[in-house]
There are 2 protein chains.
Amino acid sequence: MEPVEQYRKAVQKLLSDRAERSQRSNSQVEAQTIFDTERDHYQLVYVGWRRNGDRDYGCLIHLDLKDGKIWIQYDGTESGIAQELVDLGVPKEDIVLGFHPPSVRKLTEFAVG
Amino acid sequence: MEPVEQYRKAVQKLLSDRAERSQRSNSQVEAQTIFDTERDHYQLVYVGWRRNGDRDYGCLIHLDLKDGKIWIQYDGTESGIAQELVDLGVPKEDIVLGFHPPSVRKLTEFAVG
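Each value, and the rule that gives it
Residues numbered from 1 in each chain as written. Chains lettered and ligands numbered in written order. Predicted model: local features only at pLDDT ≥ 70, side-chain atom pairs only at ≥ 80, totals over all residues. Heavy atoms only, no water. Least-squares fit on C-alpha atoms with pLDDT ≥ 70 in both. Contact = heavy atoms within 4.5 Å. Helix = DSSP H or I, 4+ residues; strand = E, 2+ residues; numbered from the N terminus. Buried < 20%, exposed > 50% of the residue type's maximum accessible area, 1.4 Å probe, protein only. Pairing = 2+ DSSP bridges. Axes fitted to C-alpha atoms, helices over the stretch in contact; angles between N-to-C directions. pLDDT = per-residue confidence, 0-100. Expected span 1.5 Å × (residues − 1). Polar contact = N/O pair within 3.5 Å; in protein donor to acceptor, adjacent residues only side chain to side chain. Core = buried A, V, L, I, M, F, W, Y, C linked by side-chain atoms within 4.5 Å. Phe/Tyr/Trp six-rings, centres within 6.5 Å; stacked < 30°, edge-to-face > 60°. Lys NZ or Arg CZ within 6 Å of the ring centre and 35° of its normal.

One copy of the chain maps onto the second through a rotation around an axis plus a translation along that axis. The operation relating chain B to chain A is a screw motion whose rotation component is 180°, with 0.0 Å of axial translation and a residual RMSD of 0.0 Å. Such a turn and shift between the copies fits a two-fold axis. For chain B, the residue whose C-alpha comes nearest the rotation axis is aspartate 36 of chain B, separated from it by 2.5 Å. Interface overlap between copies is the fraction of interface residues in one copy that are interface residues in the other; for chain B against chain A it reaches 100%, indicating a shared surface.

The next point concerns the environment of glutamine 73 of chain B. Within the element layout of this structure, glutamine 73 of chain B appears in strand β4 (residues 69–75). Look at glutamine 73 of chain B and you get buried, because its relative accessible area is 2%. Other than its neighbours up to four places away in sequence, glutamine 73 of chain B contacts Gln32, Val47, Arg55 and Tyr57 of chain A together with His62, Asp64, Lys66, Gly98 and Phe99 of chain B.

Moving on: the sheet that holds strand β1 (residues 29–36) of chain B. All names here are of chain B. Here 5 strands make up an open sheet; going across it, the order is β1-β2-β3-β4-β5 and the pairing mixed. A strand with exactly one partner marks an edge of an open sheet, and here the two such strands are β1 and β5 (95–96). Relative to β1, helix α1 (residues 3–25) is tilted by about 170°, and along the sheet it contacts β1, β2 (41–49), β3 (55–66) and β4.

On to the sheet that holds strand β1 (residues 29–36) of chain A. Residue and element names in this part refer to chain A. Judged by pairing direction, the sheet is mixed, and its 5 strands sit side by side in the order β1-β2-β3-β4-β5 without closing on themselves. Since the sheet does not close on itself, it has two edges, and those belong to β1 and β5 (95–96), each with one partner. Across 8 bridges, β1 lies against strand β2 (residues 41–49) in antiparallel orientation. Across the sheet, the residue bridging to threonine 33 is leucine 44, located in β2.

All names here are of chain A. Mapped onto the fold, glutamate 84 is located in helix α2 (residues 81–87). Here the alpha-carbon distance between glutamate 84 and leucine 14, two residues 70 residues apart in the chain, equals 8.3 Å. For glutamate 84, the contacting residues outside a window of four places in its chain are Leu14, Arg18 and Ser79.

On average, chain A scores 95 in pLDDT, and the residues at 70 or more come to 100%. Here the prediction assigns the complex a pTM of 0.95, and the interface score ipTM is 0.93.

Let us look at α1 of chain B. Working note: α-helix, 3.6 residues per turn, so residues spaced by three or four point in the same direction. Residues and elements named next belong to chain B. Between its first and last C-alpha, α1 extends 33 Å over 23 residues, near the 33 Å set by a 1.5 Å rise per residue. All of the buried residues in α1 are Tyr7, Arg8, Ala10, Val11, Leu14, Leu15, Arg18, Ala19 and Ser22. In this fold, the buried residues of α1 make contact with β1, β2, β3, β4 and α2 (81–87).

Moving on, we get to the side chain of glutamine 32 of chain B. Take glutamine 32 of chain B: it is sitting in strand β1. Judged by relative accessible area, which is 2%, glutamine 32 of chain B ranks as buried. In terms of polar contacts, glutamine 32 of chain B uses its side chain to reach the side chain of aspartate 64 of chain A, at 2.7 Å. A polar contact of 3.4 Å, which involves the side chain of glutamine 32 of chain B, links it to the side chain of glutamate 30 of chain B. Other than its neighbours up to four places away in sequence, glutamine 32 of chain B contacts His41, His62, Asp64 and Gln73 of chain A together with Gln43, Leu44, Val45 and Val47 of chain B.

Bringing the nonpolar core into the picture now. In terms of nonpolar packing, the biggest core is built from 24 residues, with Leu15, Leu44, Leu63, Ile70, Ile72 and Leu85 of chain B touching the most fellow members. It is α1 of chain B that contributes the most residues to this core, 5 residues altogether. With near-sequence residues (within four places) excluded, leucine 44 of chain B lies in contact with Leu15, Arg18, Ala19, Ala31, Gln32, Thr33, Gly58, Cys59, Leu60 and Ile61 of chain B. Membership of the second largest hydrophobic core comes to 22 residues, among which are Tyr42, Leu63, Leu65 and Leu97 of chain A.

Turning our eyes to something else, we now look at the packing of aromatic side chains. Any pair of aromatic rings gets described here by the distance separating the centres and the angle formed by the planes. Tallied over the full model, the rule gives 4 aromatic pairs over all chains. Taken together, a centroid distance of 5.0 Å and an interplanar angle of 20° make the contact between tyrosine 57 of chain A and tyrosine 74 of chain B stacked. You can see tyrosine 57 of chain A sitting in strand β3 (residues 55–66) and its partner tyrosine 74 of chain B sitting in strand β4, one on each of two chains. The ring of tryptophan 71 of chain A is capped by lysine 66 of chain A, whose NZ or CZ atom sits 3.9 Å from the centre of that ring.

Set out below in structure tokens:
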């Protein structure tokens with residue numbers, strides 16, 4: 001399997017597993033996985049209403065595949081998605097911390113993009 | 001063509017047209033259309049960096065198709081996406097203002113969901 005196809009599967013599994021865990025712990029708010037496999041955009045978004053009547057809406061994770069690399073466009077997790085991708089076997093040079101400017105990216109072990 | 005298939009096309013066209021206009025007026029920030037036609041989630045998201053070095057990230061519009069209706073989950077436009085859908089010929093009873101709680105939705109001419 002080509003690396004990009006492996007990354008596509010890894011990204012979808014990572015977001016699906018997290019959505020399932022969120023849904024189990026809070027059934028009120030929908031944990032939506034949004035997978036655009038044509039444009040290679042992948043998101044986990046929360047949509048719903050809390051018990052107190054407040055609206056809950058927001059993207060937790062947004063990953064893109066671009067030129068064979070995984071771009072982390074947004075990461076609202078505490079643990080950090082980059083480390084989860086590394087733990088899944090993705091080499092750091094194939095991960096771009098898109099939420100950092102390029103000047104900061106080059107100070108890290110991850111790709112500049 | 002089935003109404004749901006028409007809605008799918010209308011929603012994608014509306015978001016694509018707006019993304020194209022945004023991209024023309026600001027080439028620095030990427031206007032991403034994210035279309036998950038399997039789960040029927042549709043988004044327009046801005047991703048990039050401004051000239052002053054600030055990060056620009058956020059969802060402008062999020063629409064879902066559910067039970068034959070178009071749900072507006074998030075609308076960050078000034079003009080209002082509901083009216084644009086009505087102008088495209090979508091009946092109000094097939095549009096759900098998901099960002100309002102059901103108690104408010106039933107006071108409008110739009111669907112409760």
